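This is what each chain is made of:
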Amino acid sequence: MPLNYCDGSRLCAQCRVEDLEEVIYLKYGDSSKLLRSQPVRSCLPPSLLYVDQRELAVTTVHDDVINTLGSDDATTCHIAVLRHSGSGATGLCHFDSCGTTQGVQDLVDKVRELSQDIDGRLELHIVGGFKDDDGSSEKLSRKLLSEFHKLSVDVFLLTACISDLNNVTKSGENYPAICGLGVSVKTGEIFPASFAYKGPDKPVRSLRHFIGDKDIKNIYDHTDHRLRISPYSYTPNDFPHAALFLRQSDQTIRQYMSTSPAVEPEHFAQQVRAAITFFLSNPSSEMVFPGGRSHFFKMRQDGHWQLDNQ
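Since the model is a prediction, treat every value here as computed from it, not as a measurement.

**Re the packing of helix 2 (residues 100-113) against helix 3 (residues 136-149)**
One way to put it is that helix 2 packs onto helix 3 with a least axis distance of 10 Å and a crossing angle of 45°. Classed by the angle they form, the pair helix 2 and helix 3 counts as oblique. For the pair helix 2 and helix 3, the crossing hand works out as right-handed. Residue-level inspection shows Thr100, Thr101, Val104, Leu107 and Val108 of helix 2 in contact with helix 3, the latter providing Leu140, Lys143, Leu144, Glu147 and Phe148. Counted by class, the contact of helix 2 with helix 3 contains six nonpolar, two polar and two charged residues.

**Brief notes about the sheet that holds strand 6 (residues 78-84)**
Reading across from one edge, 1-9-8-6-7-4-14 is the order of the seven strands in this open sheet, with mixed pairing throughout. Edge positions in the open sheet fall to strand 1 (3-4) and strand 14 (217-218), since each of these has one partner strand only. Helix-sheet contacts for helix 2 involve strand 4 (55-59), strand 6, strand 7 (90-95), strand 8 (122-128) and strand 14, and the interaxial angle to strand 7 is about 170°.

**So, the layout of surface pockets**
Its volume calculated, the largest pocket comes out at about 730 Å³. As for the largest pocket, its lining consists of 32 residues, and the residues nearest its centre are Gln53, Cys77, Asp96, Met257 and Ser258. Among the elements of the structure, helix 3, helix 4 (202-207), helix 6 (250-257) and helix 7 (268-281) are those that each provide at least two residues to the lining of the largest pocket. If you tally residues by element for the lining of the largest pocket, the top one is helix 3, at four residues.

**Quick look at helix 7**
The terminal C-alpha atoms of helix 7 lie 20 Å apart, and with 14 residues this matches the ideal 20 Å at 1.5 Å per residue to within 8%. Among all positions in helix 7, only Phe268, Ala269, Val272, Ala275, Ile276 and Phe279 are buried. The buried residues of helix 7 occupy an angular sector of 125° when the element is viewed end-on, so they sit on one face. On its buried side, helix 7 packs onto helix 4, helix 5 (242-246) and helix 6.

**Here's the deal with the nonpolar core**
A general trend in soluble globular proteins is that nonpolar side chains are found buried together. Core analysis: the biggest nonpolar cluster contains 45 residues, and Leu49, Ile66, Leu69, Leu207, Tyr220, Phe239 and Trp305 have the highest contact counts within it. Those elements that place two or more of their residues in this core are strand 6, strand 12 (181-184), helix 4, strand 16 (226-229), helix 5, helix 6, helix 7 and strand 17 (295-299). For this core, the element with the highest residue contribution is helix 7, accounting for six residues. Discounting residues that sit within four places of it in the chain, Phe239 has contacts with Leu207, Phe210, Ile211, Phe245, Met257, Ile276 and Phe279. Grouped together as the second largest cluster of nonpolar side chains are 31 residues, Leu124, Phe148, Leu151 and Val155 included.

**Topic: the sheet that holds strand 12**
Strand order in this open sheet of five strands is 2-13-12-5-3, and the pairing throughout is mixed. In this open sheet, the two strands that pair with only one neighbour each are strand 2 (41-43) and strand 3 (48-50). Across the sheet, the mean angle from the axis of one strand to that of its neighbour is 40°, orientation sign disregarded. In terms of strand pairing, strand 5 (residues 68-71) meets strand 12 through four bridges, oriented antiparallel. The residue bridging Thr68 from the neighbouring strand is Ser184, located in strand 12.

**Notes on helix 2**
Given a rise of 1.5 Å per residue, 14 residues ought to cover 20 Å, and the 20 Å separating the end C-alpha atoms of helix 2 matches this to within 8%. Among all positions of helix 2, only Thr100, Gly103, Val104, Leu107, Val108, Lys110 and Val111 are buried. The arc that holds every buried residue of helix 2, seen down its axis, measures 165°, which confines them to one face. Elements that come into contact with the buried residues of helix 2 comprise strand 4, strand 6, strand 7, strand 8, helix 3 and strand 14.

**Focus: the side chain of Glu147**
Here Glu147 shows up in helix 3. You can call Glu147 buried: its relative accessible area is 6%. A polar atom in the side chain of Glu147 sits 3.3 Å from the side chain of Lys150. If sequence neighbours within four positions are ignored, Glu147 has contacts with Thr100, Thr101 and Val104.

**A few points about the state of the cysteines**
Taken as a whole, this structure holds zero disulfides when the rule is applied. Free cysteine Cys77: the closest other cysteine sulfur is in Cys98, separated by 9.3 Å. No disulfide involves Cys161; its sulfur sits 11 Å from the nearest other cysteine sulfur, which is in Cys179. Overall, the relative accessible area of 0% leaves Cys161 in the buried class.

Cut-offs and rules
- Residue numbers run consecutively from 1 along every chain, following the written order of its sequence.
- Reporting in this predicted model follows two pLDDT cut-offs: at least 70 for local features of residues, and 80 or more for side-chain atom pairs to be given and counted; totals over whole chains, interfaces and linings ignore these cut-offs and use all residues.
- Hydrogens and water molecules were not included; the side-chain quantities draw on all heavy atoms of the structure.
- Angular values range over 0 to 180 degrees, each being the angle between N-to-C directions of two axes fitted as lines to C-alpha atoms, with helices fitted over their stretch in contact.
- Secondary structure is summarised from DSSP: a helix means a run of H or I of at least four residues, a strand means a run of E of at least two, and numbering begins at the N terminus for each.
- For classification, angles of less than 35 degrees are called roughly parallel, those exceeding 145 degrees roughly antiparallel, those between 65 and 115 degrees roughly perpendicular, and all remaining angles oblique.
- By definition, any crossing whose near helix is turned counterclockwise from its far helix by less than a right angle is left-handed, and any crossing with a clockwise turn is right-handed.
- By definition, residues are in contact when any of their heavy atoms lie within 4.5 Å.
- Ten residue types, Ala, Val, Leu, Ile, Met, Phe, Trp, Tyr, Cys and Pro, are classed as nonpolar, four, Asp, Glu, Lys and Arg, as charged, and the remainder, Gly among them, as polar.
- Two strands qualify as a pair provided DSSP detects at least 2 bridges between them.
- Think of a 1 Å grid over the protein atoms and nothing else: a 1.4 Å probe that fits but is trapped marks a cavity, an open set flanked by protein within 12 Å on at least five of seven lines marks a pocket, and residues with an atom within 4 Å of a point count as lining.
- Grid points are joined across faces, edges and corners, and a volume is the space filled by probe spheres set on the points.
- Expected helix span is computed as 1.5 Å times (number of residues minus one).
- Accessible area is worked out with a 1.4 Å probe on protein chains only. A residue is then buried under 20% of its type maximum, exposed over 50%, and partly exposed in between.
- Working note: the arc is built from the helix axis to C-beta atom directions.
- We define a nonpolar core as any set of buried Ala, Val, Leu, Ile, Met, Phe, Trp, Tyr and Cys residues linked to one another through side-chain atoms lying within 4.5 Å.
- We call two N or O atoms a polar contact when they sit within 3.5 Å, provided that within protein one can donate a hydrogen and the other can accept it, with sequence-adjacent residues counted only if both atoms are side-chain atoms.
- When two cysteine sulfur atoms are found within 2.5 Å, that pair is recorded as a disulfide.

Written as structure tokens, this is what we have:
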């Protein structure tokens, strides 16, 4: 079934995505302005689950470990929050241009799995992108809207602060107004957010973006409250110029490793260097995931994650 709008009206199943976009700008302009006007909340542990690029996480209102799901550093990327109004099951996914179809389906399937036999509806919020020079944001907006539109279940789109609707001008240059988003698992409230603590295995999670693994990974099991970094395969040939990039300036790293170099956060080059350094020290996936085993983490009392591979 197609997407349903915030006012309850429905887009016809035969409607083109281009037509959908036109309606998006008409129906979601005011709510996007309201969301952009909110102050950015600095989210800190405990009870925080940070979702990185090409990751998703889903949990329930009964989770006594996680209260907030969130992600940031989204420039052309989009962050989607899906919540079931009856069960309160809530998921968040950080989309780039890879794995969109699979990520949308996995997000919907997991939220529905945790909402079986409970009355309610699937409510969707999408935030991210801006008026970038090569149109990467608009392409992703179109792709996401199209994938949710093609689903076999009804989804109610409550927020669409995307591309042009998430754009702000500074000194004549376009920037994304909101780069990070959080959601309260208990209430479903979404808000602009930033995250100083991004969880464990950050270089391992970041490296995946540069070596060809395009899947979106589910990183959290709400039943045992463990964060899981799933194995992925790579060899030295998957990042042949890693050592060369490590010697480059921040500007060069931004230029070649980002879809929007001018608006990346200050720590972007530092994170890329950390991933490259990790790769050079661990040039094959077998060194990182011996025997193809995942990395599991449990949350400590202070809200930081510790290794739990038992």
